[in-house]
Amino acid sequence: MNGRTHTAAGLACGVTAAAAVMPETLTLPGLVLGSAAAVMASTLPDCDQYRRNTKDVIRCLIRLVVFCILAQWLTKRPVDWQYAVFFILAVLVGALTDHRSATHSVAALLVFSWLFSVTIGDNQELSFWFFTAYASHLVLDVLNRRGEMLFWPFSRERICLKLSRSESVLGRLIFKAAAIWYAVVLGFVLFQRYGGMIG
């Protein structure tokens with residue numbers, strides 16, 4: 001799947017999971033930060049392609065720094081910048097791996113989610129959005145023909161269902177469905193929480 005499909009799916013999965021599991025956290029700041037965490041996490045597994053383009057690395061790092069500053073300001077929780085450095089190092093190490101190998105594994109999902117969590121001060125809500133969006137990337141890439149090493153480093157077997165390519169009818173359909181679903185759920189949550197203030 002391409003980047004925009006992963007982003008839309010990450011946002012849709014993040015907002016749906018948060019609405020189902022922790023609806024009390026869906027305040028306006030929570031939605032803004034959760035959506036930002038989902039956008040970052042949903043494309044992070046593809047940091048294994050960053051060595052082709054240095055600009056992608058710089059964009060990823062800028063996104064993380066801006067997110068941390070925004071999270072610290074809106075949540076009033078201090079960011080642990082030491083762990084942010086480790087997060088950045090993990091991204092750089094990921095950039096050296098083969099596509100859909102280490103960064104597309106359950107191990108990477110757990111490591112990046114943990115690093116993100118400790119960086120932002122163990123904020124369970126934002127960590128949940130991040131974890132869900134990262135996991136959505138892994139699920140979508142299982143549909144591709146090349147597959148991914150889900151169980152790296154214990155197995156180098158590529159798991160795939162061979163249903164789609166990066167640019168395909170299925171990919172475009174998933175993008176549209178996910179984008180619409182995110183907008184619908186977000187609109188519903190905002191109306192439920194703030195609809196009474198209108199008028």
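Owing to the predicted nature of the structure, the values given are computational and were not obtained by experimental measurement.

Chemist: I'm lost on the side chain of Asn123 in this one. Help?
Modeler: With respect to the secondary-structure elements, Asn123 resides in the loop between helix H5 (106–119) and helix H6 (124–142). Asn123 sits in the buried class, given a relative accessible area of 5%. From its side chain, Asn123 meets the backbone nitrogen of Leu126 in a polar contact 3.1 Å long.

Chemist: Could you clarify how one ought to interpret the environment of Asp122 in this entry?
Modeler: By the element assignment, Asp122 lies in the loop between H5 and H6. Spatially, the C-alpha atom of Asp122 lies 10.0 Å from that of Pro78, the residues being 44 residues apart in sequence. What Asp122 contacts, discounting residues up to four positions off in sequence, is Arg77 and Ser117.

Chemist: I keep staring at the packing of helix H1 (residues 3–21) against helix H7 (residues 169–194) and nothing clicks. Help me out?
Modeler: Interhelical geometry of H1 versus H7 gives an angle of 35° and a closest axis separation of 8 Å. Once H1 is placed against H7, the crossing between them reads as left-handed. Touching Arg4, Thr5, Ala8, Ala9, Leu11, Ala12, Val15, Thr16 and Ala19 of H1 are Gly171, Arg172, Ile174, Phe175, Ala178, Ala179, Trp181, Tyr182, Val185 and Val189, all from H7. Each residue belonging to the contact of H1 with H7 can be placed in one class, and the counts come to 14 nonpolar, three polar and two charged.

Chemist: Would you take a moment to explain the packing of aromatic side chains for this structure?
Modeler: Two aromatic rings, taken as a pair, are described by how far apart their centres are and by the angle between their planes. Counted according to the given criterion, the structure contains eight aromatic pairs. Ring geometry for Tyr83 versus Phe86: centroids 6.2 Å apart, planes at 50°, classification tilted. Here Tyr83 pairs with Phe86, and both are found in helix H4 (residues 81–94), just three residues apart, close to one helical turn. Judged by relative accessible area, which is 48%, Phe86 ranks as partly exposed. Measuring from ring centre to ring centre gives 5.7 Å for Tyr83 and Trp114, while their planes differ by 85°; the resulting arrangement is edge-to-face. Of the two residues, Tyr83 is situated in helix H4 and Trp114 in helix H5; the sequence distance between them amounts to 31 residues. Here Trp114 falls in the partly exposed class, since its relative accessible area comes to 47%. Site record: aromatic cluster; members linked through ring pairs are Phe67, Phe87, Phe112, Phe116, Phe130 and Tyr134.

About the thresholds
Residues numbered from 1 in each chain as written. Predicted model: local features only at pLDDT ≥ 70, side-chain atom pairs only at ≥ 80, totals over all residues. Heavy atoms only, no water. Helix = DSSP H or I, 4+ residues; strand = E, 2+ residues; numbered from the N terminus. Buried < 20%, exposed > 50% of the residue type's maximum accessible area, 1.4 Å probe, protein only. Polar contact = N/O pair within 3.5 Å; in protein donor to acceptor, adjacent residues only side chain to side chain. Contact = heavy atoms within 4.5 Å. Axes fitted to C-alpha atoms, helices over the stretch in contact; angles between N-to-C directions. Left-handed = near helix turned anticlockwise from the far one by under 90°. Nonpolar A, V, L, I, M, F, W, Y, C, P; charged D, E, K, R; others polar. Phe/Tyr/Trp six-rings, centres within 6.5 Å; stacked < 30°, edge-to-face > 60°.

Interpretation in functional terms is not warranted from these geometric data alone.
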